[in-house]
Amino acid sequence: MNAPGTLIMLAVVSALLVYWDARLRGEAYPLGWAGAVFLFWIVALPVYLVRRVVWGRGKIR
Amino acid sequence: MENRLAGSVLPLIRHLTALLLFLGVSIAFYAPPAWLGHGLFFYGQGSDPLAYIWFINWWPFALQHHLPLLTSQYVDAPFGADLSWKASVPGLGLVAAPFTAAFGALVVSNALFMISPGLAGWGAYLAADALTGEFAAALVAGLVLGFSSYMTGQMLGHLNLVFVLAVPLCLWAAIAAVKQGGGTLRMGLVLGGLLAFQFGVSQEVFATLCMFGGFGFIALFLLDPAMRPVLRRLIPGLVLGLGLCLLITAPLIWQMLLRYRSAAGNIPSAPYYSSDLLGFILPTPTAWIGGGWLAAVSNLFPGNTSEQAAYLGLPLIVLLGVIYRRHRSEAKFRVLGGMLALACVLSLGPYVHVLGREVSTAPWLLAFKLPFLKSMLPMRFMLYGWVAAAMFLALWLAGPGEKRWRFVALAVCLLFLVPARDVTRNWTGLAVPAVFTDGEIAPESRVLVLPDFGNEMGFQYASGMRFSLVGQGYLGLGAPQPFAQWALFPLLFNGEISDIDPAAFAAYLAEYGVQDVVVTNTNYFNYATMQPLDGVAEAAAAVRMLRAAGWEVVSADADATLLRPVRALTPPSAAQLAAFMREAPTAWIPAARVTKFIKAETRRVCQIRAFARATGMPPAPLLAFYVRHVHPYLPVDAIVCGTK
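As the structure is a prediction and not an experimental result, all values here were calculated from the model. (Residues numbered from 1 in each chain as written. Chains lettered and ligands numbered in written order. Predicted model: local features only at pLDDT ≥ 70, side-chain atom pairs only at ≥ 80, totals over all residues.)

A. Just the overall build of chain B, in detail. In terms of regular secondary structure, chain B is built from 27 helices and 13 strands. The C-alpha atoms of chain B give a radius of gyration of 27 Å, which matches the 26 Å a tight globule of 644 residues would have. Once the C-alpha set of chain B is aligned to its principal axes, its extents read approximately 85 × 65 × 50 Å. When burial is assessed residue by residue, chain B has 44% of its 644 residues classed as buried. Put simply, of all contacts in chain B between residues at least 6 apart along the chain, 75% involve residues at least 24 apart. (Helix = DSSP H or I, 4+ residues; strand = E, 2+ residues; numbered from the N terminus. Rg over C-alpha atoms; globule rule 2.2 N^0.38 Å. Buried ≥ 20, exposed ≤ 12 C-beta atoms within 10 Å, placed from the backbone. Contact = placed C-beta atoms within 7 Å.)

B. Spotlight on the overall build of chain A. For chain A, the count of helices and strands is 3 helices and 0 strands. In chain A, buried positions account for 25% of the 61 residues.

C. Geometry of the sheet that holds strand β12 (residues 551–556) of chain B. Residues and elements named next belong to chain B. With mixed pairing, the 5 strands of this open sheet are ordered in space as β8-β7-β9-β13-β12. Every interior strand has two partners, whereas the edge strands, β8 (467–469) and β12, have only one. Neighbour-to-neighbour, the strand axes of this sheet turn through a mean angle of 35°, independent of strand direction. Bridge analysis of β12 against strand β13 (residues 560–565) gives 5 bridges, and the strand direction is antiparallel. Bridging across to β13, E552 finds its partner in R564. (Pairing = 2+ DSSP bridges. Axes fitted to C-alpha atoms, helices over the stretch in contact; angles between N-to-C directions.)

D. Region of the structure containing the interface of chain A and chain B. Taken together, the contacts link 10 residues of chain A with 10 residues of chain B. The set of elements that each furnish at least two residues to the side of chain A that touches chain B consists of α1 (3–24), α2 (30–39) and α3 (41–56) of chain A. Examining the composition of the side of chain A that touches chain B, we find that 5 residues originate from one element, α1(A), more than from any other. Tallied by class, the residues present in the side of chain A that touches chain B amount to 10 nonpolar, no polar and no charged. (Nonpolar A, V, L, I, M, F, W, Y, C, P; charged D, E, K, R; others polar.)

E. Representation of the nonpolar core. All names here are of chain B. By size, the foremost hydrophobic cluster in this structure holds 195 residues, and its most contacted members are A141, A390, M391 and A394. The element best represented in this core is helix α18 (residues 382–398), accounting for 16 residues. In this structure A394 touches A128, L131, T132, A137, A138, V140 and A141, once residues within four positions along its chain are discounted. (Core = buried A, V, L, I, M, F, W, Y, C linked by C-beta atoms within 7 Å.)

F. Expanded view of the environment of P350(B). Mapped onto the elements, P350(B) comes out in the loop between α17 (331–347) and β4 (351–354). Along the sequence, P350(B) and L365(B) sit 15 residues apart, while their C-alpha atoms lie 3.9 Å from each other.

G. Highlighting helix α11 (residues 203–223) of chain B. Residue and element names in this part refer to chain B. The terminal C-alpha atoms of α11 lie 30 Å apart, and with 21 residues this matches the ideal 30 Å at 1.5 Å per residue to within 8%. Inspection of α11 places Q203, V205, F206, T208, L209, F212, G216, A219 and L220 among the buried residues, and these make up the whole buried set. Where α11 is buried, its residues contact α8 (159–162), α9 (166–180), α10 (184–201), α12 (228–248), α17 and α18. (Expected span 1.5 Å × (residues − 1).)

H. Examining the pairing of strand β5 (residues 357–361) of chain B more closely. The pairing of β4(B) with β5(B) spans 4 bridges and is classified as antiparallel. Within β5(B), the position partnered with V352(B) by the bridge is S360(B).

I. Region of interest: the confidence of the model for chain A. For chain A, the average pLDDT comes to 86, and 85% of its residues sit at 70 or higher. Per-element averaging of pLDDT across chain A places α3(A) at the bottom with 88 and α2(A) at the top with 95. (pLDDT = per-residue confidence, 0-100.)

J. Quick look at the packing of α18(B) against helix α19 (residues 404–415) of chain B. All names here are of chain B. Axis separation between α18 and α19 bottoms out at 9 Å; the angle between their running directions is 155°. Between α18 and α19, the crossing angle belongs to the class labelled roughly antiparallel. Along its contact with α18, which presents L393, W396 and L397, the element α19 presents R406, F407 and L410. Across the contact of α18 with α19, the residue classes tally to 5 nonpolar, no polar and 1 charged. (Parallel < 35°, antiparallel > 145°, perpendicular 65-115°, else oblique.)

Encoded structure:
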């Protein structure tokens, strides 16, 4: 598979996982997070993961 | 009364002083290093600047000779080329036509190149002055845009992308309308004129200007609630301006829509012309500081040096970040910071690249395949990033508090953006062989210049448009049809002329009625292997091949050889054509369209004859007038009208 194809597949899979995880954890905008991860994987996924850790510690909300 | 006069005259003097200052700096940077003597000496490198000289010349030339403006039979003859999807700069060509008539297109093109950064800087100065009211801050904003990495890169040879005065002027018009009020009509007229001019300089920049203008409007609406009533008042003026622009440019837009499908293959790849993530901090060879040292790294970035516009430099990025952090509560900083970030992110294209390798998806992925949006190259979005950065910095400089250290800090950051000397002294001299100018080529001849790709546009311009170029004439990307269907075309284009079969070449020249072939001795380059070739050896091989094809040398000097056919050329038969072409020869225009075309032409000519009969006028002058102004493809004398 060519590089763009691999990247799109990676982005789609990551976005689906983020959507599922965000919904499970009661995030306000699971679809927004999934969209951001699909469109800007290299920035949005790390931001989500950091936020998830912080959120998991109960620092958000 | 005196105060009112001072209020209107003083700003005018200040703005004119700033204009002179910017033009002076621009010319000082980009002027030729010395008097360059005779020949074609032009700013820029490669074939692009020659194409701009040709275009600047084309508009007044076509008007003077009553030629169709948007198609030219002088290139890709005998079929001609459509100019609507090329970087044909009609806005510049028409505005500069009086100067072109007086001084020639070469001088005008060089002058436009040299003043472009200064004019863009002056536009940014006006916008920043309207925004902040501070002369010094506005001057710095002008310098930021005028000598940004976008401008420095495009100054390598893209006149249509460097003459962007209308972009900051549109912002200035919008800021002035917000601050001073003014009627819808006034704003509509100003914006309409600016947008139409920008459309005439670069349709791509016009489209991206509208897109980023829309983003800016939305950002301001969302981030600054206090501005919403003002923005609502601006909408009629904006709509009027856009409508006026579309009205003025309607003929060009119509031609572009007609040719949209055929132009699709000529658009470069958006993923390839995307900013590299490291391109924001690592200089390219256009930067004076570090550009040369890091060339080995920056050469890995996608696109080419002229398009790499993302270099802000680490010091400026840090400064922008610090300013944003301190002022993020202010709506103006939020909006301008947001626009800068948006331009940076969108300039990454559909995929994020790191040292040329795709590593992630990027937001432009949603748009890069869509009609019209696919024609935009993401790297060029940084123009709007630089406009936003210039305004952002001007706001900061004009803010309350101690200012001296702000200017010092910014000066240090801007030092990293100073253009490299190789860029600013980027002049090329092209020696024109005497055969093009001594009258040996008969007027209106069909000529093939070898090597096929490179300097032919300069030679044609230098000859005074004496001849048309057969199956060649660089005006932008795209293989010329139907010439590219020939099996020999890749060899001809790639500079592998000696490998061409003489029989096939004889058929090629006969099929398109070539009358003269000029073999020049320089600029041989193999575009397949990207290696320069020995000009004298290649020229000798080309002459040998042409002799084998039945052509003879008419004249030769140290620069070029002129050849003509030994006997009258016989066009190849259908079977020979099929053998010499890579694909089955297809009609350039579909058969159904040809039939429709012939019918329409016949109808028009017959209507003219009927009009002449009805009014008792002689038909010949009317038809001559028609031929002179419409340039029909069919000979009107051969059209027979039915009797009713």
